[in-house]
Amino acid sequence: MFMILQKLLKEIESLNPVGKLDNCLSDGKKQVNIGGLSASSKAMVVAHVFRKLLRPMLVISTESETAERMADDLKAFLGDGLVYLFPALGISPYEIRAPHMEIVGQRLLALYNLSCGQPMVIVAPVEAILEKTIPKRDLSEYSLRLERGKELDREKLIALLERLNYQRSPMTEMLGEYSVRGGIIDFFAPKDEDPVRIEFFGDVIESIRHFSVLTQRSTSQVESTVILPRREIIFNDDIIERYAHTLDEAQAQALYITLGDNGDYDGLEFIWPNMGVNMANLFEHLSQQTLVFVDEPGLCDGQAESVFETAQKRYKSLCEKSDESYRLFAKPERIYLDRHMFDLELERFRVVNLTVSYDDERSDVVFHTRAQEYFSSNMSFVKGRLAELYQQGYKLNILCEGPSQKERIGELIDDLHFPIGLHVARLSSGFAITELKQWFLVGNQMFTRFRKRHYIKRFREGVALSSYNSLNPGDFVVHIDYGIGKFLGLETLVVDGRKRDCLALLYLGNDKLYVP
């Protein structure tokens, strides 16, 4: 949270539109339409309502990028611990690939925190809303909170990790792995940045610590942690075997080829309905007290139709193939919410629509905000524009990403002879509130720069490769300079007239890197 944004939330309480909004919500109005909200002012309104009502809230955004921006803006207003992003799985319809475990971890962590019943805000793009996820009952059954000093049967913990498809290994180094050494159990849950070490004294949890994957040494001690599933689909090999027995020999072979033998079970997100596995949608995890915000409902409706139509087209193309492997995959309506079901689910909740445009007849509440323009990289133009805004009677606030940017902008505008507030606060886009006669300008936008999003670093370190013998063709590796590539194998090249053995790595666009 940033002080300037906390002050802003206090100041808007006196505005007439805020009073109207509060009245609409207190009167129990089923749907509230708010217009005139530009840029990050939408997050400002959501933050105000959250502080006022202190109840669970869901914000639906058009796309993943807008959802990420909304989540970041809400964290700036409310703080990290109250806002959770529920991202889309990140795989195209009928793409034979498992979702990244980091994404699964984010989704499950959001659902788990939601199940705890505490007031919080979930932000999700439309695509994530349409995708099925773990049922609420399964999440409760297959989640386990571990607390220091509490009793727990060590074998019960191991059995749970096995049931959740964590892979047992001699040493825990990768997401989804666990290892056992006497009274110590290590595991690396997809929601965590670092693996966790549980040390038992008899049946009592003596300590819970995070540790380094590189040194295997403890880095910090915590009082509790939560084990969540490795995948949103709860299944085991017996379920796959039973499904395979319902298929003919060619289809069964196609099933095993599709799922692969690397433990990731590729394509499972589009096969599970045929296996008799139950799944749910995000709405089923929400209590009736949840208030749902829809950011630009017209665009969200269009996106919902687009996602489902894409799935239908992809399924149709699978059906047109000469083989019958398409029979493995469920129809789109069994995998996704369609537009009709999306609307039906929304009708169960009180909804607040957030839009830039407005009209006096349809809008229950109208704010008068203006989106920040991109000024120019020309400093004389920037200073002239700031002077114009000041002469129009606006109080000017410039929001800087950090102390260094604050200092740099301060030096650039030092010769201006009117007050400008410089603050460290991160918003995705600036705006003005006409009623308050205040501008909240984002520093990067002033100089035609796009804000670099601050991603959470999922791994603080990795395991260095000691020998290429530990690699198999198809394994993914991370080059310290070039990032993630796929290991193709060992190739011999002639360099300066001499033969040299090199590791061949494949990158996007079929680019190859040869590492001696």
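Residues numbered from 1 in each chain as written. Predicted model: local features only at pLDDT ≥ 70, side-chain atom pairs only at ≥ 80, totals over all residues. Heavy atoms only, no water.

Peer 1: Sorry, what's going on with the packing of helix H1 (residues 3–11) against helix H3 (residues 41–53) here?
Peer 2: Packed helices, taken two at a time, are described by the angle between their axes plus the distance between the axes. Taken N-terminus to C-terminus, the directions of H1 and H3 make an angle of 70°; their axes are 10 Å apart at the nearest point. Taken together, the axis directions place H1 and H3 in an arrangement best described as roughly perpendicular. Contacts between H1 and H3 involve Gln6, Leu8 and Leu9 from the first element and Met44, Ala47, His48 and Arg51 from the second. For the contact of H1 with H3, the class distribution of residues is 4 nonpolar, 2 polar and 1 charged. (Axes fitted to C-alpha atoms, helices over the stretch in contact; angles between N-to-C directions. Helix = DSSP H or I, 4+ residues; strand = E, 2+ residues; numbered from the N terminus. Parallel < 35°, antiparallel > 145°, perpendicular 65-115°, else oblique. Contact = heavy atoms within 4.5 Å. Nonpolar A, V, L, I, M, F, W, Y, C, P; charged D, E, K, R; others polar.)

Peer 1: Would you mind showing me how to read the side chain of Ser40 here?
Peer 2: Inspection of the secondary structure puts Ser40 in the loop between strand S1 (31–35) and H3. Classification of Ser40 as buried rests on a relative accessible area of 1%. Among all residues touching Ser40, those that are not within four sequence positions of it are Asp73, Phe77, Leu427, Ser428, Ser429 and Phe431. (Buried < 20%, exposed > 50% of the residue type's maximum accessible area, 1.4 Å probe, protein only.)

Peer 1: Explain the sheet that holds strand S20 (residues 438–442) here, please?
Peer 2: Where strands meet in a sheet, backbone hydrogen bonds hold them as pairs that are either parallel or antiparallel. The 5 strands are arranged S16-S19-S20-S17-S18 in an open sheet whose pairing can be described as mixed. Across the chains shown, the open sheet's two edge strands, defined by having one partner strand only, are strand S16 (369–371) and strand S18 (421–424). Strand-to-strand twist in this sheet, taken as the mean axis angle between neighbours without regard to direction, amounts to 20°. Both S16 and strand S19 (residues 431–433) contribute to a ladder of 3 bridges, which runs antiparallel. Bridge assignment links Thr369 to a residue of S19, and that residue is Ile433. Taken strand by strand, helix H14 (residues 379–391) contacts S16, strand S17 (395–400) and S20, and its axis lies near 135° from that of S17. (Pairing = 2+ DSSP bridges.)

Peer 1: Whenever I open this one, the pattern of salt bridges confuses me. Can you help?
Peer 2: Opposite charge on two side chains permits pairing when their charged atoms draw close. Applying the stated rule across the entire model yields 26 salt bridges. Linking Arg107 and Glu131 is a salt bridge whose minimum nitrogen-to-oxygen distance equals 3.2 Å. Placement of the pair is Arg107 in helix H5 (residues 101–115) and Glu131 in the loop between helix H6 (126–130) and helix H7 (136–141), with a sequence separation of 24 residues. Since its relative accessible area comes to 3%, Glu131 is described here as buried. Note that Asp264 and Arg230 form a salt bridge whose closest N and O atoms lie 4.0 Å from each other. Of this pair, Asp264 sits in the loop between helix H10 (249–259) and strand S13 (291–295) while Arg230 sits in the loop between strand S12 (224–227) and helix H9 (237–245), placing them 34 residues apart in sequence. The exposure class assigned to Arg230 is buried, which follows from its relative accessible area of 10%. (Salt bridge = Lys/Arg side-chain N within 4 Å of Asp/Glu carboxyl O.)

Peer 1: Honestly, the confidence of the model for the chain in this entry has me stumped. Any pointers?
Peer 2: Regions with low pLDDT carry predicted coordinates that are not meant to be interpreted in detail. Mean pLDDT over the chain works out to 90, with 93% of the residues at or above the 70 mark. Residue range residues 454–460 is modelled with pLDDT below 50. Its contacts to residues more than four positions away, or to other chains, number 16 contacts. (pLDDT = per-residue confidence, 0-100.)

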